[in-house]
Amino acid sequence: MRAEFPDFRLGAVLATSFTGTLSERRGEAVERIPTPRRLVDWLQVYGLDVDSCTPDQLDLARVLRESIHEAATAAALQDPLPARAVRILNDRSRQGRATAILTPEGTHHWQLEPASALEDALGVVAADAIAIIAGERDGRLALCASPTCRAAFFDTSRSRTRRWCDMNTCGNRQKKARFHANQSRSAIPEE
């Protein structure tokens, strides 16, 4: 990864990891795919290899990302799904033509069409989001407890009680803040 860009926040779930390419949504937002090349890099991490991305395709990807975030947030809160987000997810999924391939080693690989590789990759991301939001996977959608983050994430922990989208970032930041607040309170002399 290039040093001038913020690191990706990678997770095991494709769709919610994609929404994590914009973090700290309620604080100082951090855009982790600021350029078309950066989107190509992110997709490659998830085995969705595309050769290129135009600025218009990056905009398309960001619209998909925000639609996934809106629909996943609504699902986590058990609110009605936003009609526009549902339409965008369905459109992206329908327009992708990726094929799931099983390799001789027993691993899953996506075959993307050269003429539409980026759209195919976005179709895979949209299809993953649809499966999660529709409750087809074992786990539950939740929202990060960090007041500056509030990212939607897919909780597959045994108890389904995870509080943070990422313990190494949001969870640690909240624990540190709580620790410092407790330290400050205990440092105030009683009268």
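Look above for the structure.
A quick note: this is a predicted structure, and the numbers were derived from the prediction, not measured. (Residues numbered from 1 in each chain as written. Predicted model: local features only at pLDDT ≥ 70, side-chain atom pairs only at ≥ 80, totals over all residues. Heavy atoms only, no water.)

What follows covers unusual backbone geometry. In the Ramachandran plot, Gln78 falls in the positive-phi region, its phi being about 60 degrees despite a non-glycine side chain. At Arg160, a residue that is not glycine, the phi angle is positive and equals roughly 60 degrees. You can see Arg160 is positioned in the loop between β6 (152–155) and α6 (167–187). (Helix = DSSP H or I, 4+ residues; strand = E, 2+ residues; numbered from the N terminus.)

One finds Phe18 and Leu39 to be the most contacted residues of the largest nonpolar core, which totals 37 residues. For this core, the secondary-structure elements that each account for two or more residues are α1 (14–19), α2 (36–45), α3 (55–76), α4 (83–95), α5 (117–133), β5 (140–143) and β6. A per-element tally of this core places α5 first, with 10 residues. In this structure, Phe18 is in contact with Ile33, Leu39, Trp42, Ala61, Leu64, Arg65, Ile68, Leu122 and Val125, ignoring residues within four places of it in sequence. Counting five residues, the second largest nonpolar core, distinct from the first, contains Cys144, Cys149, Trp164 and Cys170. (Core = buried A, V, L, I, M, F, W, Y, C linked by side-chain atoms within 4.5 Å. Buried < 20%, exposed > 50% of the residue type's maximum accessible area, 1.4 Å probe, protein only. Contact = heavy atoms within 4.5 Å.)

Note that side chains of opposite charge can pair when their charged atoms are close. For the coordinates displayed, the defined rule picks out 10 salt bridges. In this structure, Asp128 and Arg137 form a salt bridge, with 2.4 Å as the shortest nitrogen-oxygen distance. On the basis of relative accessible area, Arg137 is assigned to the partly exposed category, the value being 31%. Via salt bridges that share partners, Arg25, Glu31, Arg62, Arg65 and Glu66 belong to a single interconnected network. (Salt bridge = Lys/Arg side-chain N within 4 Å of Asp/Glu carboxyl O.)

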